[in-house]
Amino acid sequence: MDTIRSIVDHLIAYASEEDWFEFKDSWYDAAGIGEYISSMSNAAAMCGKENGYVIWGVNNKTHELTNTTFDYRKDIKGEPLEHFLARQVIPDINFRFEEVSICEKRVVILIIPAAKTVPTSFNGNRFIRIGSSKVNLNKYPERESKLFDVLRNGMPTMETVESYTQELTFRKLFLYYEDKGIVLNKNTFKKNLHLLTKDGRYNLLAQLLSDNSQTSVRVSIFHGKDKTSPLYSVREFGNSCILISLDKVLEYGDVINIMQADETDRVVERKEVPLFNQSAFREAIINAFVHNLWIDQNAPMITIYSDRIEILSRGTLAPKQTLEGFYLGESVPVNRCLSDIFLQLHISERSGRGVPVITQIYGKEAFEFRKNSIVVTIPFEKITLKVGDKVGDKVGDKVGDKSTGNEKKLNPTRRLILNEMRNNPNITQLQLKDIVGIGETAIQNNISYLRKNGFIERIGSNKNGYWKVKD
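Residues numbered from 1 in each chain as written. Predicted model: local features only at pLDDT ≥ 70, side-chain atom pairs only at ≥ 80, totals over all residues. Heavy atoms only, no water.

Undergrad: For this particular structure, what's the right way to read the side chain of His10?
TA: Mapped onto the fold, His10 is located in helix α1 (residues 2-12). Apart from the residues within four sequence positions on either side, His10 is in contact with Gln321, Thr322 and Leu323. (Helix = DSSP H or I, 4+ residues; strand = E, 2+ residues; numbered from the N terminus. Contact = heavy atoms within 4.5 Å.)

Undergrad: Before we go on, may I ask you to explain the sheet that holds strand β5 (residues 89-90) in this structure?
TA: Within a beta sheet, neighbouring strands are joined by backbone hydrogen bonds and run either parallel or antiparallel to one another. In space, the 4 strands of this open sheet follow the order β5-β8-β9-β10, with antiparallel pairing throughout. Each having just a single partner strand, β5 and β10 (133-136) make up the two edges of the open sheet. (Pairing = 2+ DSSP bridges.)

Undergrad: I tried to follow unusual backbone geometry on my own but got confused; where do I start?
TA: Backbone phi values are negative for most residues with the exception of glycine, while trans is the configuration of most peptide bonds. For the bond from Ile90 to Pro91, the omega torsion is -5 degrees, close enough to zero to count as cis. Tracing the backbone through its elements, the reader meets Pro91 in the loop between β5 and β6 (96-102). Positive phi outside glycine occurs at Asn67, with the angle close to 65 degrees. Here Asn67 lies in the loop between β2 (51-56) and β3 (75-76). One non-glycine residue, His346, adopts positive backbone phi at about 60 degrees. Looking at the secondary structure, you find His346 in the loop between α11 (336-344) and α12 (354-362).

Undergrad: Can you help me understand α11 in this one?
TA: Since the α-helix turns once every 3.6 residues, residues separated by three or four places project in the same direction. Every buried residue of α11 is accounted for by Cys337, Leu338, Ser339, Ile341 and Phe342. Those residues of α11 that are buried are in contact with α5 (171-179), α7 (204-209), α8 (242-256) and α9 (278-291). (Buried < 20%, exposed > 50% of the residue type's maximum accessible area, 1.4 Å probe, protein only.)

Undergrad: Got a minute to help me understand the packing of α8 against α9 in this structure?
TA: The angle between the axes and the distance between the axes are what describe a pair of packed helices. The interhelical angle for the contact between α8 and α9, taken along N-to-C directions, is 155 degrees, at an axis separation of 11 Å. Classified by the interaxial angle, the pair formed by α8 and α9 is roughly antiparallel. You can see that α8 and α9 cross each other, and the crossing is right-handed. Here Ile242, Ser245, Leu246, Val249, Leu250, Gly253 and Asp254 of α8 come into contact with α9, specifically with Gln278, Phe281, Arg282, Ile285, Ile286 and Phe289. (Axes fitted to C-alpha atoms, helices over the stretch in contact; angles between N-to-C directions. Parallel < 35°, antiparallel > 145°, perpendicular 65-115°, else oblique. Left-handed = near helix turned anticlockwise from the far one by under 90°.)

Undergrad: So what exactly am I meant to see when it comes to the nonpolar core here?
TA: Inside soluble globular proteins, nonpolar side chains tend to come together where they are buried. Counting 81 residues, the largest nonpolar core has Leu173, Ile309 and Phe367 as the members making the most contacts within it. Setting aside chain neighbours within four positions, we find Ile309 in contact with Ile256, Phe276, Phe281, Ile302, Thr303, Ile304, Val376, Thr377, Ile378 and Phe380. Listed in part, the 28 residues of the second largest apolar core include Ile7, Ile102, Leu137 and Leu147. (Core = buried A, V, L, I, M, F, W, Y, C linked by side-chain atoms within 4.5 Å.)

Undergrad: How should I be thinking about the packing of aromatic side chains in this particular structure?
TA: Applying the stated rule across the entire model yields 25 aromatic pairs. Residues Trp56 and Phe97 carry aromatic rings whose centres are separated by 6.1 Å and whose planes lie at 40 degrees to one another, so their mutual orientation is tilted. Within this pair, whereas Trp56 is found in strand β2, its partner Phe97 is found in strand β6, the two being separated by 41 residues in sequence. Residue Trp56 is classed as buried on the basis of its relative accessible area of 0%. With centroids separated by 4.9 Å and ring planes inclined at 75 degrees, the aromatic side chains of Phe174 and Phe189 adopt a geometry described as edge-to-face. In this pair, Phe174 sits in helix α5 while Phe189 sits in helix α6 (residues 189-192), placing the two residues 15 residues apart along the sequence. Connected via pairs of aromatic rings, a cluster forms that spans Tyr14, Trp20, Phe21, Phe23 and Tyr53. The aromatic ring of Tyr28 is capped on one face by Lys74, whose charged end is 4.9 Å from the ring centroid. Directly above the ring of Tyr449 sits Arg414, whose terminal nitrogen or CZ lies 3.8 Å from the centroid. (Phe/Tyr/Trp six-rings, centres within 6.5 Å; stacked < 30°, edge-to-face > 60°. Lys NZ or Arg CZ within 6 Å of the ring centre and 35° of its normal.)

Undergrad: How do you make sense of the confidence of the model for the protein chain when you look at a structure like this?
TA: Should the pLDDT be low somewhere, the predicted coordinates at that spot are not to be read in detail. Of the residues in the protein chain, 90% have a pLDDT of 70 or more, and the chain-wide mean is 86. Note that pLDDT drops below 50 for residues 384-402; the model gives that stretch 50 contacts with residues more than four away or on any other chain. (pLDDT = per-residue confidence, 0-100.)

Undergrad: Can you walk me through the sheet that holds strand β18 (residues 373-379) in this structure?
TA: Read across the open sheet, the 6 strands follow the order β12-β11-β15-β16-β18-β17; overall the sheet is mixed. The strands lining the two open edges of the sheet, one partner per strand, are β12 (231-238) and β17 (367-369). The sheet shows a mean angle of 15 degrees between the axes of neighbouring strands, taken without regard to direction. Two strands pair when backbone bridges link them, and β17 and β18 are joined in this way by 3 bridges, in the antiparallel orientation. Residue pairing for β18: Glu368 is matched across the bridge by Val375. Packing against the sheet, α9 makes contact with β11 (216-222), β15 (301-304), β16 (308-314) and β18, and its axis sits at approximately 20 degrees to β16.

This is the structure we're talking about:
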């Protein structure tokens, strides 16, 4: 009973129903249940799940327990329901009903094993789940073809999906390994790193580790708290070996994680407070890369708002992972071979500490499980500053809003430019012109003054570099 209850608790924790499970109150229709067995079995196979489920006693909108009156022992024209269903479900997949009491409320769960070698049918028809509906599979030939492919070859993975191109080079990968003190063997690295399909062609993992991965990771910075606010800049880290892209994203995190001077209760030495916890940010970024659903050719996405960072990875939990295990730090890699590479390079460890580190600092609410993605939110810690004689004003909604003693000697325009550069190190002169409200020549003159007097430094080229504000 404890196992059944844990299944129910796990599914209730999802934000909404998935293709492989359905909530009901006390609905009853014998043929309809048979169609659900077919559709959930096939959907579970396509989603890489061991089982599909229909659960009675849970509201499908609120996920609250409803104390179902559904009776799975009821006869259909003198025939037991389970016998009626088993007689028409082909092949025999050994589905079963279970009953449990949770918080003194009755819950019934129908456990439906995933299809194995052929699609599961009921009454001669094969069904599949699309959104919240069960439909006849033969009306959707592309989904039917995909289901047969999964049943024959298993779920597609980075190792089984072919690279979009077979003209791959790995110079950067070899250099990256050398920097870590590991020498790759040119004759065996493809096999050892699992870069080839069973047919000997480069796979998607090889493409992502090659000199041109054809995949970029985007970092977008918005002025306000949502995407309706002005967009400061977009940085692309990619079209290179993803190991290098990962390093660049982590380095960029160091750039934006400014230290804030906390003068509260200062006696001798002032306290410096980072904008966000660097360890949590690092773990979230690494997890996003390791567990991203790369087979869809979509990279993780990082969005920076005025009060937080959101780190989105594509896909959902690994098929054998549960929410409880996820929060406990039980390591179940989505991309095992990529995870092995990260482990070998000491980028990550398989101790499962990443999620517990984040939840210890920001709580479970830092994670949001969406239909096809997982989002980690890293909030900014804005300190309280003195403004004139007024104490307790909150730092504004701009990233890194602060002034040093020397900066206070600047005129308001130059202080505003400095603040905007802190908020967005990649800000352009054209963007500054729009924000500050002065002409382009005046922007150039003010930037020249700030550089000449040591307030700012340009790192890198004018086109691809960024501004560093000196404290």
